[in-house]
Amino acid sequence: MVTPVEIGLLVLVLALLFGAYRIIKAVKPLIVNAIVGVIILFIANFLGLAGGIDISLIAILVCAVGGIPGAILVIILAYLDIAFVGMMAPLVLL
């Protein structure tokens, strides 16, 4: 015999599963965009675009939050020597 408490718990669990499915479905494109943005940042650094991008925590966060447009922004700012530029060792002439 099924009690009203068991039926209530079943309805509650089904509602939670449906809600979790909707949240994951909404967040999945954002996660994919963030991963692609970070991959683009590492590929740009490997290829030497913008004279070498300094991969710091801030640059990774910009790419993770902004995705592909964030990665393009970091590459453009590094190319224009505004931000995210790798430090070069000074050339000392004796």
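Throughout what follows, the structure given in this document is the object of discussion. (Residues numbered from 1 in each chain as written. Predicted model: local features only at pLDDT ≥ 70, side-chain atom pairs only at ≥ 80, totals over all residues. Heavy atoms only, no water.)

### Observations regarding the overall build of the protein
Phase 1: A count of helices and strands for the protein gives two helices and zero strands.
Phase 2: Counting every position in the protein, which comprises 94 residues, the buried fraction comes to 19%.
Phase 3: Summing over all exposed atoms, the protein offers an accessible surface of approximately 7400 Å²; the carbon and sulfur share of this is 80%. (Helix = DSSP H or I, 4+ residues; strand = E, 2+ residues; numbered from the N terminus. Buried < 20%, exposed > 50% of the residue type's maximum accessible area, 1.4 Å probe, protein only. Areas by Shrake-Rupley, 256 points an atom, 1.4 Å probe, with all protein chains shown as cover.)

### What to know about a nonpolar patch on the surface
Phase 1: A grouping of Ile23, Val27, Leu30, Ile31, Ile35, Ile39, Ile43, Phe46, Leu47 and Leu49 is seen on the molecular surface, where their side chains present a nonpolar patch of about 1000 Å² in accessible area.
Phase 2: Position of isoleucine 35 relative to the elements: it lies in helix α1 (residues 4-47). (Patch = residues over 30% accessible without salt bridge, like charges linked within 9 Å, V, L, I, M, F, W, Y side chains within 5 Å. Salt bridge = Lys/Arg side-chain N within 4 Å of Asp/Glu carboxyl O.)

### Observations concerning unusual backbone geometry
Phase 1: The phi dihedral of aspartate 81 is positive, around 55°, even though this residue is not glycine.
Phase 2: Within the secondary structure, aspartate 81 is located in the segment after α2 (57-79).
Phase 3: Residue aspartate 81 is classed as exposed on the basis of its relative accessible area, which comes to 59%.

### Digging into the nonpolar core
Phase 1: Judged by nonpolar contacts, Val38, Leu41, Ala44, Ile53, Ala59, Cys63, Ala71, Val74, Ile75, Leu77, Ala78 and Phe84 together constitute the single largest core of twelve residues.
Phase 2: Of all the secondary-structure elements, those providing two or more residues to this core are α1 and α2.
Phase 3: When residues of this core are assigned to their parent elements, the largest contribution, seven residues, is made by α2.
Phase 4: Beyond its immediate chain neighbours, meaning those up to four positions away, valine 38 contacts Ile60, Cys63 and Ala64. (Core = buried A, V, L, I, M, F, W, Y, C linked by side-chain atoms within 4.5 Å. Contact = heavy atoms within 4.5 Å.)

### Focus: α1
Phase 1: Helix length check: α1, at 44 residues, gives a terminal C-alpha distance of 64 Å against a target of 64 Å (1.5 Å per residue), a fit within 8%.
Phase 2: Maximal helix bending in α1 amounts to about 35°, located at valine 27; proline proline 29 follows within four positions.
Phase 3: When we look at burial in α1, the residues that qualify are Ala34, Gly37, Val38, Leu41 and Ala44.
Phase 4: Considering only its buried residues, α1 is in contact with α2.
Phase 5: Looking at the residues trailing α1, positive phi occurs at glycine 48, about 80°. (Expected span 1.5 Å × (residues − 1). Bend = angle between axes of the 7 residues up to and from the residue.)

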